[in-house]
Amino acid sequence: MIDPRRLARGLYWERAWSLVERCTRVSDGCKHCWAQAGHDRWKRADKVMPRPDRLEQPLRRRKPTVYAIWDDLFHDAVPFEFIRGAFAVMSLAERHRFIVLTKRSKRARIILADIHFKDCAWPLPNVIVGTSVETYDYAWRIDELLACDAACRMLSLEPLLGPIECHLKPLKPTREFEFGDAARARIDWVAVGPETGSGRRPCKRQWIEDIVGQCRDAGVPCYVKALDIDGKLVVSMDDPRWPTWAPRELPGLIEVTT
Ligand code: SF4
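Residues numbered from 1 in each chain as written. Predicted model: local features only at pLDDT ≥ 70, side-chain atom pairs only at ≥ 80, totals over all residues. Heavy atoms only, no water.

Caption draft 1: View of unusual backbone geometry. A cis amide bond, omega 0 degrees, links Trp122 with the succeeding residue Pro123. For Pro123, the location among the structural elements is in the loop between α4 (105-112) and β6 (127-132). Of the consecutive residues Glu158 and Pro159, the connecting peptide bond is found in the cis state with omega at 0 degrees. Take Pro159: it is sitting in the loop between β7 (152-157) and α6 (180-184). Located in the positive-phi region is Asp230, a residue other than glycine, with phi close to 50 degrees. Secondary-structure assignment places Asp230 in the loop between β10 (227-229) and β11 (232-234). (Helix = DSSP H or I, 4+ residues; strand = E, 2+ residues; numbered from the N terminus.)

Written out as structure tokens, the structure reads:
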């Protein structure tokens, strides 16, 4: 479904679904948010603005596609009914995959517990719900994500600004007995990378190597988007500086075209 050449360039989605204009910064990781910077530069909207006119875009696309929702769908200024409409489209567009990333995982948890649709499998099997965490100060977002009603949960550690303990549980069954929600509450995929763009803050190789190790120990796929090697950003896996310990793995939900 996704072109391996995109993956080699550090891109794990194919199309952006820009459902909300603008966002507001919530934490350190937002400092150089390029989506926010673009809105600042082009003055496309002076307040957070849902775009109902774009809701049906994925329904018009036949080719199975991996969509990433830009900005933050779970921003407080986005009404419940709009978010419900977005998930209704995702449920109808079964052929696509959707990555819904938020820094507002508490609101995501509350809304996803309340949004179920009749006559459809829930949680939606084609939707990856994820949260972004930049330092351990925001690790509470991971606990909120684990409590989210989602078929696939993603942890985005980008930009990584410090060491993080990811709260991963083995994806494969263990001898440990767990039941119900506790058994299902797992992180299914981790993406990690340094900050990009001008003024980017440093990201130690050790921090990323440690995340890769946590994923390997738990059997969770890990996608290293880029690396900060001697102060230079290295993105391509074809670069001779790309180390063998840095994988680009995907969750089962996203297939690679051959
Ligand atoms: S929450 Fe996400 S989209 Fe919003 S300002 Fe922060 S980084 Fe940008």
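That covers the picture; the talk isn't over yet.
Caption draft 2: Fine view of the side chain of Arg97. With respect to the helices and strands, Arg97 occurs in strand β5 (residues 97-102). No salt bridge is formed by the buried Arg97. Its closest oppositely charged neighbour is Glu255, at 4.7 Å. Separated by 3.4 Å, the side chain of Arg97 and the backbone oxygen of Glu94 make a polar contact. Those residues in contact with Arg97 that lie beyond four places of it in its chain are Met1, Thr65, Val66, Tyr67, Asn126 and Leu253. (Buried < 20%, exposed > 50% of the residue type's maximum accessible area, 1.4 Å probe, protein only. Lys, Arg positive; Asp, Glu negative; His and termini not counted. Salt bridge = Lys/Arg side-chain N within 4 Å of Asp/Glu carboxyl O. Polar contact = N/O pair within 3.5 Å; in protein donor to acceptor, adjacent residues only side chain to side chain. Contact = heavy atoms within 4.5 Å.)

Caption draft 3: Molecular detail of the pattern of salt bridges. Tallied over the full model, the rule gives 13 salt bridges. Salt-bridge contacts for Glu21 lead to Arg54; the nearest nitrogen and oxygen are separated by 3.1 Å. Placement of Glu21 in strand β2 (residues 20-21) and of Arg54 in the loop between β3 (49-50) and β4 (66-69) is noted, with a sequence separation of 33 residues between them. A salt bridge links Arg201 to Glu195, with the shortest nitrogen-to-oxygen separation between them at 2.7 Å. Taking the relative accessible area as the measure of exposure, Glu195 reaches 4% and is therefore buried.

Caption draft 4: Spotlight on the site of the ligand. Neighbouring the ligand are Cys23, Thr24, Arg25, Cys30, Cys33, Asp71, Asp72, Lys103 and Arg104. Of the residues belonging to the shell around the ligand, the class tally is three nonpolar, one polar and five charged. (Near = heavy atom within 4 Å. Nonpolar A, V, L, I, M, F, W, Y, C, P; charged D, E, K, R; others polar.)

Caption draft 5: Examining the pairing of β7 more closely. For β7, the buried fraction is high: six of the six residues fall into the buried class. Burial of the side chains of β7 extends over both faces: Cys152, Met154 and Ser156 are buried on one face and Arg153, Leu155 and Leu157 on the other. Inspection of the sheet shows β6 paired to β7 by five bridges, in the parallel sense. Each residue of the ladder has a partner; that of Val129, found in β7, is Arg153. Where the polypeptide runs from β6 across helix α5 (residues 140-146) and back to β7, its parallel neighbour, the crossover connection is right-handed. Direction of pairing for β7 relative to strand β8 (residues 189-192): parallel, over a ladder of four bridges. In the sheet register, Ser156 faces β8, and the bridge partner there is Ala191. (Pairing = 2+ DSSP bridges. Right-handed = clockwise from strand over helix to strand, strands pointing away.)

Purely spatial values, then, with no claim about function.
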